[in-house]
2 protein chains.
Amino acid sequence: MATRPRTRLQQDERRAQLLELGGELFNSRPYDEVSVDDLAAAAGISKGLLYHYFPSKRDLYVATLRSSADELLRATEPDPALQPLERLAVGVDAYLRHVEENTVGYASLLRGGIGTDSEVAAVVDDTRGIMIDRILRDIPLERPAPALRLALRGWIGFVESAGLEWAENKAVPREKVSSVLISVLQAAISGALSRQ
Amino acid sequence: MATRPRTRLQQDERRAQLLELGGELFNSRPYDEVSVDDLAAAAGISKGLLYHYFPSKRDLYVATLRSSADELLRATEPDPALQPLERLAVGVDAYLRHVEENTVGYASLLRGGIGTDSEVAAVVDDTRGIMIDRILRDIPLERPAPALRLALRGWIGFVESAGLEWAENKAVPREKVSSVLISVLQAAISGALSRQ
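Residues numbered from 1 in each chain as written. Chains lettered and ligands numbered in written order. Predicted model: local features only at pLDDT ≥ 70, side-chain atom pairs only at ≥ 80, totals over all residues. Heavy atoms only, no water.

What's the story with the pattern of salt bridges in this structure? I'm lost.
When the charged atoms of two side chains lie near each other, side chains of opposite charge can form a pair. Residue and element names in this part refer to chain A. For the structure shown, the criterion picks out 26 salt bridges over all chains. Across the salt bridge formed by D93 and R97, the nearest N and O atoms sit 2.9 Å from each other. One end of the pair is D93 and the other is R97, both in helix α5 (residues 84–101) and four residues apart, which spans about a single turn. Beyond isolated ion pairs, a larger network of salt bridges with shared partners links D93, R97, E100, R174 and E175. (Salt bridge = Lys/Arg side-chain N within 4 Å of Asp/Glu carboxyl O. Helix = DSSP H or I, 4+ residues; strand = E, 2+ residues; numbered from the N terminus.)

How should the interface of chain B and chain A be read in this particular structure?
Interfaces are often sized by the accessible area lost when the parts come together. Opposite the 33 residues of chain B that make contact, chain A presents 33 residues. Taken together, the two surfaces of chain B and chain A that pack against each other cover about 2,500 Å², and 71% of this comes from carbon and sulfur. Counting across the interface, chain B meets chain A through zero salt bridges. Run the count over chain B and chain A and you get six residue pairs in polar contact (both at pLDDT 80 or more). (Contact = heavy atoms within 4.5 Å. Buried area = accessible area lost by both parts, 1.4 Å probe. Polar contact = N/O pair within 3.5 Å; in protein donor to acceptor, adjacent residues only side chain to side chain.)

Looking at this structure, how should I read the packing of aromatic side chains?
Aromatic ring pairs are reported here in terms of the distance separating the ring centres and the angle at which the planes meet. Residues and elements named next belong to chain A. For the structure on display, the rule yields four aromatic pairs over all chains. Centre to centre, the rings of F26 and Y61 are 4.9 Å apart; their planes meet at 75 degrees, and the pair counts as edge-to-face. Remark: Y61 occurs in helix α4 (residues 57–75) and F26 occurs in helix α1 (residues 11–28); sequence separation between them is 35 residues. Overall, the relative accessible area of 1% leaves Y61 in the buried class. Aromatic pair Y95 and Y106: ring centres 6.0 Å apart, planes at 85 degrees, arrangement edge-to-face. Pair noted here: Y95 is in helix α5 and Y106 is in helix α6 (residues 103–110), with a separation of 11 residues, a long-range link. (Phe/Tyr/Trp six-rings, centres within 6.5 Å; stacked < 30°, edge-to-face > 60°. Buried < 20%, exposed > 50% of the residue type's maximum accessible area, 1.4 Å probe, protein only.)

Please clarify how the side chain of R174 of chain A should be interpreted in this entry.
All names here are of chain A. Checked against the element boundaries, R174 lands in helix α9 (residues 174–193). Residue classification places R174 among the buried positions, given a relative accessible area of 14%. A distance of 3.1 Å separates a polar atom in the side chain of R174 from a polar atom in the side chain of E100. Apart from the residues lying within four places of it in its own chain, the contact partners of R174 are D93, L96, R97, E100 and W166.

In structure tokens:
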């Protein structure tokens, strides 16, 4: 990456710029191979100034993950104008496009880029929780049965494992992955809600 | 745990004893809270002797994981006398019983008990690979399509996520979890193999 000239930016712009650069760097190389020197050089600022915004590489990393998770949630925001099944299809497609465009970041997030970091785990768990709540909103039940929660949690695991496999090997067309994810969700929900 | 009296054991027996003790301790507390002193005291041997068998706490931990994964694979070994669907049902039930009996170990293994350790990841990945191969053996195809691999990989993710959720909250009967897992697998396979 070319070194950018040092420029004076407003605090908010600077923070946004660092988040974007961090996202690019962490998305192109494993966490351990990104140094604070790389980050500062890419931003065209001193290490001291970088530390002013993010006290450590880990802080910047967690912030880029959070910003990437926010982006994923925005991209997959359910459209209330659609019917539930179409809403789901659009959301799943947007999710897979996000995986396509953020392969390394997605993989390192789910494979535990920096181990058992509790803040990283929280970003992942919060995102899962929001995705589950979105699906629950489309299922007319007074109180979601424990079996339904378990099935939805399982489905998120399916999406993430298939997503990781797919991120590493794009041999399957996105539409196919999407249709498998949708039929699996339908089977999971009806399995959970059936009497048997 | 009561301290056991020091005894002289044959090398193989001693190793097996340490693996079992390690399994018990790592299954009852998080990795970071188990010390080499605890392990040696529980086995009734000196730290020096413990280090002779396992050079570090991590080595013992990885060995107990491997032994627990082997146990899981043995417990879920497919019975060739059964029909495919029954074979699957028996296997899924055995898997869930294993989760029931090894809750903490199962959770710490899948949540990344010691972070991004590559040996731990290898134990998990090998186990997944064997489970996928067992299912593939029951699907008569000359060469498994990439979509089928992706669907099976996704299903393993479903099993693990639902298994973790279930391990933490047993509100759903095992038979129910089992039936959800089986219908999800069927949907995943037919989704992957369908033309559309």
